[in-house]
Amino acid sequence: AGVFITGFAIYYALLLITFDINDPSFNTFSSEDIVKNFGGIFGARIADLSFQVIGLSAFVVVIFIFSLGLQMSNIIGVQHFLSKVILIPICILSFSLTFALMPKPEFWEFSSLGGVNGSFLLLKLQKFPHYAIFLVSFPMSLILFSIVVEVSLKDWIYSFRFIFVW
């Protein structure tokens, strides 16, 4: 099961990476015969829906699925599976809110980088300044991400040291 889930994460990542706005999807009709997405029409629709609903947080979902697949492949298995399943949607929403705070580039065809969910949360929190929302949502995203993927503080420190030294 762990190998299958890890393979699914790689497949989902390929669907997201090969997304093309001109491919047919739920809200785009295309007369082109060639679908550029790796997964064909099905992949184009899944990628389009993912980007519309949660924006760039779809890549965080890929990391979660990949991580859970690797943990399931391990002899020890997934530690605290139920608590991780509960924390994943909260983390994804937190990342969506963080991405919704970022300015939308011209090539991005959707409502915001955080998708519809990020835009909705930002709308509901409009009475707070954007910097305050960012100061809460970004650290919360990283903490929840660390819990689900099992990244320790030592790992984060090592990564930052490596990035700055490099």
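Residues numbered from 1 in each chain as written. Predicted model: local features only at pLDDT ≥ 70, side-chain atom pairs only at ≥ 80, totals over all residues. Heavy atoms only, no water.

Caption draft 1: Geometry of a nonpolar patch on the surface. Taken together, the side chains of Ile-10, Leu-14, Phe-38, Phe-66 and Leu-70 make up a nonpolar region of the molecular surface, amounting to roughly 440 Å² of accessible area. As for its placement among the helices and strands, Ile-10 is situated in helix α1 (residues 2–17). (Patch = residues over 30% accessible without salt bridge, like charges linked within 9 Å, V, L, I, M, F, W, Y side chains within 5 Å. Areas by Shrake-Rupley, 256 points an atom, 1.4 Å probe, with all protein chains shown as cover. Salt bridge = Lys/Arg side-chain N within 4 Å of Asp/Glu carboxyl O. Helix = DSSP H or I, 4+ residues; strand = E, 2+ residues; numbered from the N terminus.)

Caption draft 2: Quick peek at the packing of aromatic side chains. Using the criterion set out here, one finds 14 aromatic pairs in the structure. Relative to Phe-99, the ring of Phe-95 has its centre 6.0 Å away and its plane inclined at 25°; by these criteria the two rings are stacked. Of the two residues, Phe-95 and Phe-99 both sit in helix α4 (residues 81–101), four residues apart, roughly one turn of that helix. Under the relative-accessibility criterion, Phe-95 is labelled buried at 8%. Summarising the aromatic geometry, the rings of Phe-145 and Trp-156 are spaced 6.4 Å apart at their centres and angled 55° between planes, so their arrangement reads as tilted. Of this pair, Phe-145 sits in helix α6 (residues 130–149) while Trp-156 sits in helix α7 (residues 153–165), and the two are eleven residues apart along the sequence. Overall, Phe-145 belongs to the buried group, its relative accessible area being 12%. Every member of this aromatic cluster is reached through a ring pair, and the members are Phe-64, Phe-95, Phe-99, Phe-145, Trp-156 and Phe-160. (Phe/Tyr/Trp six-rings, centres within 6.5 Å; stacked < 30°, edge-to-face > 60°. Buried < 20%, exposed > 50% of the residue type's maximum accessible area, 1.4 Å probe, protein only.)

Caption draft 3: Here's a closer look at the packing of helix α3 (residues 57–73) against α4. For the pair α3 and α4, the least separation of the axes is 9 Å and the interaxial angle reads 155°. Judged by the inter-axis angle, α3 sits roughly antiparallel to α4. For the pair α3 and α4, the crossing hand works out as right-handed. Touching Ser-57, Val-60, Val-61, Phe-64, Leu-68 and Gln-71 of α3 are Lys-84, Ile-88, Cys-91, Ile-92, Phe-95, Ser-96 and Phe-99, all from α4. Among the residues forming the contact of α3 with α4, the class breakdown is nine nonpolar, three polar and one charged. (Axes fitted to C-alpha atoms, helices over the stretch in contact; angles between N-to-C directions. Parallel < 35°, antiparallel > 145°, perpendicular 65-115°, else oblique. Left-handed = near helix turned anticlockwise from the far one by under 90°. Contact = heavy atoms within 4.5 Å. Nonpolar A, V, L, I, M, F, W, Y, C, P; charged D, E, K, R; others polar.)

Caption draft 4: Inspection of α6 at higher detail. An ideal rise of 1.5 Å per residue puts 28 Å on 20 residues; α6 measures up with 28 Å between its terminal C-alpha atoms. Along α6, the positions that sit buried rather than exposed are Ile-133, Ser-137, Ser-141, Leu-144, Phe-145, Ser-146, Val-148 and Val-149. Structurally, α6 contributes buried residues whose contacts are with α3, α4, α5 (115–124) and α7. Directly after α6, the chain includes Glu-150, whose backbone phi takes a positive value near 65°. (Expected span 1.5 Å × (residues − 1).)

Caption draft 5: Structural context of the layout of surface pockets. The calculated volume of the largest pocket comes to roughly 200 Å³. Forming the walls of the largest pocket are Ile-90, Leu-93, Ser-94, Leu-97, Leu-121, Leu-125, Phe-128, Ala-132, Ile-133, Val-136, Ser-137 and Met-140. Every element with two or more residues in the lining of the largest pocket is listed here: α4 and α6. At five residues, α6 tops the list of elements feeding residues into the lining of the largest pocket. (1 Å grid on protein atoms, 1.4 Å probe; cavity = no way out; pocket = protein on both sides within 12 Å on 5 of 7 lines; lining within 4 Å. Points joined across faces, edges and corners; volume = space filled by probe spheres on them.)

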